[in-house]
Amino acid sequence: MMNCESGSPYIDFSKDTNDLAEGSEGWKNLCKQVGEACKNFGCFQVVYNQAPVKLHEELLMGMKELFGLPDETKEKNVHSKPHRKTGYLNKIEAAPLLESLGIINAHILDEAQAFTNLMWPDGNPAICPTIHSVDKMLEELEGVVRKMIFENLGVGDYYDSNIKNSDNVFRVLKYKAPRSDESDIGLPPHTDKIILTVLYQDINGLEFLSKEGQWLQTQPGTFTVLAGEALVAWSNGRIHAPTHRVIMKGGKDRYSYARFGTPNDGATVEIPKELIDKDHPLQFRSFNYMDFLQYLYANPHLDNPLKMYACIGAV
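Residues numbered from 1 in each chain as written. Predicted model: local features only at pLDDT ≥ 70, side-chain atom pairs only at ≥ 80, totals over all residues. Heavy atoms only, no water.

Going by an unreviewed UniProt entry, the protein carries the name 2-oxoglutarate-dependent dioxygenase DAO and comes from Papaver somniferum. What UniProt records for the protein under Function (unreviewed entry) is the sentence "2-oxoglutarate-dependent dioxygenase essential for auxin catabolism and maintenance of auxin homeostasis in reproductive organs. Catalyzes the irreversible oxidation of indole-3-acetic acid (IAA) to the biologically inactive 2-oxoindole-3-acetic acid (OxIAA)." Word for word, the UniProt comment on the protein under Sequence similarities (unreviewed entry) is "Belongs to the iron/ascorbate-dependent oxidoreductase family." (UniProt positions renumbered as here; feature names shortened; annotations may be inferred.)

Written as structure tokens, this is what we have:
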């Protein structure tokens, strides 16, 4: 059963390896739990034993070394696709404690190697395989969760084409502990505009807003899954995209890493016909995802940009 004792719901994928065998009773039960969590919260935590503790530790150690590099080195990680959360981010007005770097297709060894060669021209043989292994693991986990969501909605046949029309970015993030005269807001409240985020944090800080208006904490040591606005539109409003934020506590720097699954540059977000019926009338028109992102950039302060941009009847 989905457990909500900690405030944030979590689902255990590790009780029985047979539960991840598609079509098994365990699989069907997990699909139901994932579907309920996405509908009611839009956010849940996953216990997943395919990620050894040693791998987390190796990446966190590598991240500390990475963020310790000179700014001029990290700035070589340029924004090849700014809308994809790629490149180096630092000294953001809305999030001054945040520093992060993004890598497209880090699950491909050559791409992970190109990034580490850029950061360490003299070589760093330890961190490249670690980045690659972590993103491969996140690719598998995000794929399992996405397939469970689709199957719970009764549209599992759309999974392969949806994955084919998706991109991904692996991102490492550092939040500096605030000084006494600084705000404790690491990242202000927002929703993700993508399909799914899968995130791991070394200490707590990530919080999401329940439908009842209560901020719920997520805990370190598990993966946090967050649904995005693209999935809300694609599911005809069946999935909820939660507002979330990062609050810094305890006087420590916070490290996290995440995989962002997003429609690719040419993708159209279109609701499957199976998700439209008399009880679920069409909520969103079909739209080009890149056009939606451009609308966001032009209107950064809208409270509900998806509704304003694509909701049927919106003006």
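What follows picks up the thread again.
Peer 1: Account for the packing of helix α1 (residues 25-40) against helix α5 (residues 127-153), naming residues and giving values.
Peer 2: Interhelical geometry of α1 versus α5 gives an angle of 85° and a closest axis separation of 8 Å. One element, α1, and the other, α5, form an angle in the roughly perpendicular class. Listed contacts from α5 to W27, L30, C31, K32, V34, G35 and C38 of α1 are V144, V145, K147, M148, I149, E151 and N152. Broken down by class, the residue content of the contact of α1 with α5 amounts to nine nonpolar, two polar and three charged. (Axes fitted to C-alpha atoms, helices over the stretch in contact; angles between N-to-C directions. Helix = DSSP H or I, 4+ residues; strand = E, 2+ residues; numbered from the N terminus. Parallel < 35°, antiparallel > 145°, perpendicular 65-115°, else oblique. Contact = heavy atoms within 4.5 Å. Nonpolar A, V, L, I, M, F, W, Y, C, P; charged D, E, K, R; others polar.)

Peer 1: Tell me about the pattern of salt bridges, residues and numbers included.
Peer 2: Two side chains of opposite charge can pair, provided their charged atoms sit close to one another. Taken as a whole, this structure holds 14 salt bridges when the rule is applied. Between R146 and E142 there is a salt bridge, with its nearest N and O atoms 2.8 Å apart. Separated by four residues within a single helix, R146 and E142 lie in helix α5, roughly one turn from each other. Residue E142 is classed as buried on the basis of its relative accessible area of 3%. One network of salt bridges, with partners in common, ties together D71, K74 and E99. (Salt bridge = Lys/Arg side-chain N within 4 Å of Asp/Glu carboxyl O. Buried < 20%, exposed > 50% of the residue type's maximum accessible area, 1.4 Å probe, protein only.)

Peer 1: Give me the lowdown on the nonpolar core, citing residues and values where you can.
Peer 2: The biggest cluster of nonpolar side chains holds 90 residues, and the ones touching the most others in it are F13, I149, F170, F223 and Y257. Look past the residues within four positions of F170 in its chain and what remains in contact with it is L59, L101, G102, I103, A106, I131, V134, D135, L138, Y257 and A258. (Core = buried A, V, L, I, M, F, W, Y, C linked by side-chain atoms within 4.5 Å.)

Peer 1: How would you explain the packing of helix α4 (residues 109-119) against α5 if you had to name every residue and give the values?
Peer 2: Where α4 meets α5, the axes come as close as 9 Å, and the angle between the chain directions of the two elements is 135°. As the angle between them shows, α4 and α5 are arranged oblique. Two packed elements cross with a definite hand, and for α4 against α5 that hand is right-handed. Listed contacts from α5 to L109, A112, Q113, F115 and T116 of α4 are I127, C128, I131 and H132. Its residues assigned to classes, the contact of α4 with α5 shows six nonpolar, three polar and no charged. (Left-handed = near helix turned anticlockwise from the far one by under 90°.)

Peer 1: Which residues make up the sheet that holds strand β11 (residues 244-247), and what values go with them?
Peer 2: Strand pairing in a sheet is mediated by backbone hydrogen bonds. Such pairs are either parallel or antiparallel. Read across the sheet, four strands follow the order β6-β11-β8-β9 without closing on themselves; strand pairing throughout is antiparallel. The sheet terminates laterally at β6 (185-190) and β9 (215-217), the two strands that pair on one side only. With strand direction ignored, the average angle separating the axes of adjacent strands in the sheet is 25°. In the sheet, β6 pairs with β11 via three bridges, with the strands oriented antiparallel. Bridging across to β11, L187 finds its partner in V246. (Pairing = 2+ DSSP bridges.)

Peer 1: Can you lay out the packing of aromatic side chains for me, pointing to particular residues and giving the numbers?
Peer 2: A full pass over the atoms with the stated rule returns 14 aromatic pairs. Measuring from centroid to centroid gives 4.9 Å for Y295 and Y309, while their planes differ by 40°, and the two rings are tilted. Linking Y295 in helix α8 (residues 289-298) with Y309 in helix α9 (residues 305-310), this pair joins segments that are 14 residues apart in sequence. An aromatic cluster is defined as three or more aromatic residues linked by ring pairs; in this entry it consists of Y48, F170, Y200, F223 and Y257. (Phe/Tyr/Trp six-rings, centres within 6.5 Å; stacked < 30°, edge-to-face > 60°.)

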